[in-house]
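Residue-level structural notes
Spelled out, the chains give:
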Amino acid sequence: MPLSGTDAGRDRPLDPKLAKALSHPLRQRILERLSLSGEASPSELSHALDEPLGNVAYHVRILQRLGFVELVGTRQVRGALEHHYRALAHPWLDAEQWAQLPAAFRRLALARTLRDIVSDASDAGVAGGFDPPDAQIRRVSIELDQEGWSEAVRLLDQTLTALEQIHTDSTARASERQPGQPMIDTQVALLLFRRRP
């Protein structure tokens, strides 16, 4: 999603600091939430992510030290000073950056991401998240040559870019929404993988 800070990565070499920032799943989730909400405090992030405040605050400090979040303001809340942060980087890597990571790191990150996707989809299913008739869950198995595989990779990259723009446009329209028309908290997961022989 386009952000008003440093773009972490499209068309640039992999920043080793970004790989370190995203090496912990909670830091990735914090960046994702900040990318969606614009800004939040560790307390708000703790509630939204259902994680202990101490853990969230610790990882926000690491992200700040690495230069991927910045403090945008403070306010008094019940006698304490609450700090609000915003993301300065995308919490995702593009295909070229991902390819530069060691295979062991990619496997570990992939395992965490797949667990999160399955968990979130299962929770959504139980809560009725797939009840709307236009909710999507599809799977297709196809055989591709190398050129077809490359075309599929480009298509998914274009789809993610289009989704980022749709999110940006939706956020821009937020001020025009009528009361009682909340934003729809949405998750899109795209998978492209080579099946086990």
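Residues numbered from 1 in each chain as written. Predicted model: local features only at pLDDT ≥ 70, side-chain atom pairs only at ≥ 80, totals over all residues. Heavy atoms only, no water.

Glancing now at the overall build of the protein chain. Check the secondary structure of the protein chain and you find seven helices and two strands. Helices and strands in the protein chain line up, N terminus first, as α-α-α-α-β-β-α-α-α. Taken across its 197 residues, the protein chain has 26% of its residues classed as buried. Taking all contacts inside the protein chain whose residues are at least 6 apart in sequence as the whole, residues at least 24 apart take part in 65%. In the form shown here, the protein chain has an accessible surface area of approximately 13700 Å², with 54% of it arising from carbon and sulfur atoms. (Helix = DSSP H or I, 4+ residues; strand = E, 2+ residues; numbered from the N terminus. Buried < 20%, exposed > 50% of the residue type's maximum accessible area, 1.4 Å probe, protein only. Contact = heavy atoms within 4.5 Å. Areas by Shrake-Rupley, 256 points an atom, 1.4 Å probe, with all protein chains shown as cover.)

Put simply, the protein chain has an average pLDDT of 82, and 89% of its residues get 70 or more. When the criterion is pLDDT under 50, residues 1-12 qualifies, and its contacts beyond four places in sequence or with other chains add up to 33 contacts. (pLDDT = per-residue confidence, 0-100.)

With that settled, the discussion passes to the pairing of strand β1 (residues 69-77). Alignment of β1 against strand β2 (residues 80-87), held across eight bridges, turns out to be antiparallel. In the sheet register, Val69 faces β2, and the bridge partner there is Ala87. Counted between consecutive antiparallel strands, the loop separating β1 from β2 contains two residues, among which Arg78 sits at a positive phi close to 50 degrees. (Pairing = 2+ DSSP bridges.)

This part is about the side chain of His84. Its place among the elements puts His84 in strand β2. Classification of His84 by relative accessible area gives buried; the value is 9%. In terms of polar contacts, His84 uses its side chain to reach the side chain of Glu82, at 3.1 Å. Not counting residues within four places of it along the chain, the set of residues in contact with His84 comprises Glu39, Ala40, Ser41, Glu44, Glu70, Leu71, Val72, Gly73 and Arg75. (Polar contact = N/O pair within 3.5 Å; in protein donor to acceptor, adjacent residues only side chain to side chain.)

The next thing to look at is the packing of helix α2 (residues 25-37) against helix α3 (residues 42-49). At a minimum axis separation of 11 Å, α2 and α3 run at an interaxial angle of 105 degrees. Accordingly, the angle class assigned to the pair α2 and α3 is roughly perpendicular. Contacts from Leu26, Arg29, Ile30, Arg33 and Leu34 in α2 reach Leu45, Ala48 and Leu49 in α3. Taken together, the residues of the contact of α2 with α3 break down into six nonpolar, no polar and two charged. (Axes fitted to C-alpha atoms, helices over the stretch in contact; angles between N-to-C directions. Parallel < 35°, antiparallel > 145°, perpendicular 65-115°, else oblique. Nonpolar A, V, L, I, M, F, W, Y, C, P; charged D, E, K, R; others polar.)

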